[in-house]
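What the coordinates show
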Amino acid sequence: MMIMMSLGMRAVQSQVWQPALAKPKARAAADPQVKGRAFGAGASVAMLGASAICCRRARGRRSVCNAVRVVVTGGCGYIGSHTVLELLKAEYEVLVLDNLSRSRSSSIDRVLALAAREHHLAASDVNRRLAFKQVDLCDVKMLEDVLAGVKECDAVLHFAGYKSVGESMQKPDMYWDNNVGGFVNLMHLLEKYQVSNRVLLSSSCTVYKPSSEKISEDSELQPTCPYGDTKLKQEQILQCKIEDGRNWNGCALRYFNPAGAHNSGLLGEVPHALSPCMFIPRLGQIALGQRPNLEIFGKDYDTVDGTAIRDYLHIEDVAEAHVAALEHLKNSQGFDAFNLGTGHGHTVLEVLSAFETVCGRKLPHIFSERRDGDAPFAVANPSRAHLVLGWRAHRSLSEILASHWEFVQQNPDGFD
Ligand SMILES: NC(=O)c1ccc[n+]([C@@H]2O[C@H](COP(=O)([O-])OP(=O)(O)OC[C@H]3O[C@@H](n4cnc5c(N)ncnc54)[C@H](O)[C@@H]3O)[C@@H](O)[C@H]2O)c1
């Protein structure tokens, strides 16, 4: 049984959704720690529908409804939720794992509603193809309980983690424990329970040494902040696993600056109370009067107006890249990395001015010192993703900003 939440309803608690009653896998039963523990039984499972993810009649990596199964960690977050929607559109069957430390499960309600409303997928179909389980990747036992009951999947998309450069400078250990520790647990248990040996990893342009040139995948790797260190370490763990000959494959998608919202205005980036607010969400908050001004870190960089340059790409372009990368992985071997960017950079002041045009008001700003760990210039050379994945970002900066403005106007208090 599942409960479909309408957009006007309050955030669903994970316990509300009922578990799918499936038997544990035979190999799980051999493990004393997980013996006899059915998927979700007795746990706070949010399972949408008697999903074929756990159906023992499913053949190979496909479910009874013939959808290709994937697991998405961090799927309630900003990039994860937009990607889950894209996966549903591409007819995947998706199990989302998230501890909700930096998101709310209501994003999944939005995804469900959008899939049906905007993309005309039958509600019964998307309900069957989307499941959610609240689980912390750093809690090995909890994660093991879940993964022991998951049928073999085509791939795992790993979004779960913390993402702020500034916060990581303050709390490097917390970043290391969550981003690296959680990923190590995941990889170990994916192998132990043969869930999947194919991983699509969310990485970041922060893995690169800062450069005044456009960055390509073979540019030097040298993070300047603990967050970037954790992303590079995740890549190395995946690469080692793949290269040690145990039949793994996967790739890292190195995002530059994902921003904007779904064109419906119903799904977008909601700043979480515990995470530092990203640049474009901050602009939205100022325009709504929720924040007094924009603090710009550094006005003496060697750029046209002294402020840092970034490559902003639309969240829907990012989501589409994941579907393209999954297709690519079906026929690829070894480890690969792809930059996701537009190849065009904009200064902070240029983005501010463009957002003022979009929202029709002046936004107050102040300048502060440069922030440790920030690079002056970070723009992608995205040609490899185009060449190999057949993907390119095709939405503009003004579309990014307009979509975000639409989203925050419709949702000034987030999803709730
Ligand atoms: N947004 C960006 O600008 C950006 C840029 C480059 C890379 N990335 C990477 O993309 C991924 C997703 O970013 P996002 O913007 O969607 O972030 P987000 O904070 O919106 O989403 C991350 C999700 O992971 C979950 N999570 C965190 N730790 C977890 C844990 N231990 N167990 C289970 N779930 C956990 C959070 O609850 C959240 O739902 C991250 O790995 C991030 O490093 C993001």
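Figured I'd write up the structure that's included with this text. Note that the structure is predicted; figures quoted are calculated from it, not measured.

As for the overall build of the protein chain
A count of helices and strands for the protein chain gives 13 helices and 15 strands. Across the 416 residues that make up the protein chain, the buried fraction comes to 52%. In the protein chain, 79% of the contacts between residues at least 6 apart in sequence involve partners at least 24 apart.

Some thoughts on helix 13 (residues 397-410)
Helix length check: helix 13 (14 residues) gives 20 Å between terminal C-alpha atoms against 20 Å at 1.5 Å per residue, within 8%. Buried residues dominate helix 13, accounting for 10 of its 14 residues. Of the residues making up helix 13, those classed as buried are Leu397, Ile400, Leu401, Ala402, Ser403, His404, Trp405, Glu406, Phe407 and Val408.

Topic: the site of the ligand
Taken together, 27 residues are adjacent to the ligand, and Gly74, Gly77, Ile79, Ser103 and Ser202 come closest. Within the residue set of the shell around the ligand, elements represented by two or more residues are helix 2 (78-89), helix 7 (172-192), strand 6 (198-204) and strand 8 (257-259). Among the residues forming the shell around the ligand, the class breakdown is 10 nonpolar, 13 polar and 4 charged.

Some points on the environment of Cys225
Counting through the fold element by element, Cys225 comes out in the loop between strand 6 and helix 8 (226-243). According to the C-beta neighbour criterion, Cys225 is buried, with 23 such atoms within 10 Å. Considered as a pair, Cys225 and Pro172 are 53 residues apart in the sequence and their alpha carbons are 8.6 Å apart. In this view, Cys225 contacts Val165, Ser168, Met169, Thr206 and Gly373; residues no more than four positions away in its chain are not counted.

Some remarks on the environment of Leu329
Looking at where Leu329 falls in the secondary structure, it is placed in helix 10 (residues 315-330). When the 19 C-beta atoms within 10 Å are taken as the criterion, Leu329 is described as partly exposed. With 80 residues separating them along the chain, Leu329 and Asn249 place their C-alpha atoms 7.2 Å apart. Residues in contact with Leu329, not counting those within four places in the same chain, are Ala155, Arg198, Leu200, Asn249, Gly250 and Cys251.

Brief notes about the packing of helix 2 against helix 3 (residues 106-117)
Where helix 2 contacts helix 3, the axes come no closer than 10 Å and their chain directions differ by 30°. The pairing of helix 2 with helix 3 is recorded here as roughly parallel in orientation. Here helix 2 runs over helix 3; the crossing is right-handed. Here helix 2 contributes Ser81, Val84, Leu85, Leu88 and Lys89 to the contact with helix 3, which in turn contributes Ser107, Ile108, Val111, Leu114 and Ala115. For the contact of helix 2 with helix 3, a count of residues per class yields 7 nonpolar, 2 polar and 1 charged.

A short note on the nonpolar core
Membership of the largest hydrophobic core comes to 105 residues, with the highest contact counts inside it found for Val70, Val94 and Val96. Apart from the residues lying within four places of it in its own chain, the contact partners of Val94 are Val70, Val72, Val84, Leu87, Leu88, Arg129 and Leu130. Formed by 5 residues, the second largest nonpolar core is a distinct cluster that contains Tyr162, Val165, Tyr175 and Tyr227.

Some thoughts on the pairing of strand 6
Note on strand geometry: in a regular strand, side chains alternate between the two faces of the sheet. The buried count for strand 6 comes to 7 of 7 residues, which makes it a mostly enclosed element. Neither face of strand 6 is exposed, since Arg198, Leu200, Ser202 and Ser204 on one face and Val199, Leu201 and Ser203 on the opposite face are all buried. Bridging between strand 5 (residues 155-158) and strand 6 involves 3 bridges; their strand directions are parallel. Of the residues in strand 6, the one forming a bridge with Val156 is Val199. Inspection of the sheet shows strand 6 paired to strand 7 (residues 249-255) by 7 bridges, in the parallel sense. In the strand pairing of strand 7, Ser204 is matched with Tyr255. Each parallel crossover has a hand, and for strand 6 linked through helix 8 to strand 7 it is right-handed.

Brief notes about the sheet that holds strand 10 (residues 309-310)
Sheet architecture is open: 3 strands sit in the order 13-10-15, paired in mixed fashion. Of all the strands in the sheet, just strand 13 (346-347) and strand 15 (377-378) have a single pairing partner and so form its edges. Both strand 10 and strand 13 contribute to a ladder of 2 bridges, which runs antiparallel. Note that in strand 13 the partner of Arg310 across the bridge is His346.

Things to note about the pairing of strand 7
The buried fraction of strand 7 is high, at 7 of 7 residues. Neither face of strand 7 is left uncovered, since the one carrying Asn249, Cys251, Leu253 and Tyr255 and the one carrying Gly250, Ala252 and Arg254 both have all their residues buried. Bridge count between strand 7 and strand 12 (residues 334-340): 7 bridges; the pairing is parallel. Bridge pairing in strand 12 places Cys251 opposite Asp336.

Describing the packing of helix 5 (residues 140-147) against helix 7
Each pair of packed helices gets described by two things: the angle between the helix axes and the distance between those axes. Where helix 5 meets helix 7, the closest approach of the two axes is 10 Å, and the angle between their N-to-C directions is 35°. At the point where helix 5 passes helix 7, the crossing takes the right-handed sense. In contact with Val140, Leu143, Glu144 and Leu147 of helix 5, helix 7 contributes Asn185, Leu189 and Leu190. Of the residues that constitute the contact of helix 5 with helix 7, the class distribution is 5 nonpolar, 1 polar and 1 charged.

Rules used throughout
Residues numbered from 1 in each chain as written. Predicted model: local features only at pLDDT ≥ 70, side-chain atom pairs only at ≥ 80, totals over all residues. Helix = DSSP H or I, 4+ residues; strand = E, 2+ residues; numbered from the N terminus. Buried ≥ 20, exposed ≤ 12 C-beta atoms within 10 Å, placed from the backbone. Contact = placed C-beta atoms within 7 Å. Expected span 1.5 Å × (residues − 1). Near = placed C-beta within 6 Å. Nonpolar A, V, L, I, M, F, W, Y, C, P; charged D, E, K, R; others polar. Axes fitted to C-alpha atoms, helices over the stretch in contact; angles between N-to-C directions. Parallel < 35°, antiparallel > 145°, perpendicular 65-115°, else oblique. Left-handed = near helix turned anticlockwise from the far one by under 90°. Core = buried A, V, L, I, M, F, W, Y, C linked by C-beta atoms within 7 Å. Pairing = 2+ DSSP bridges. Right-handed = clockwise from strand over helix to strand, strands pointing away.

Without other data, these values stay purely geometric and don't point to any function.
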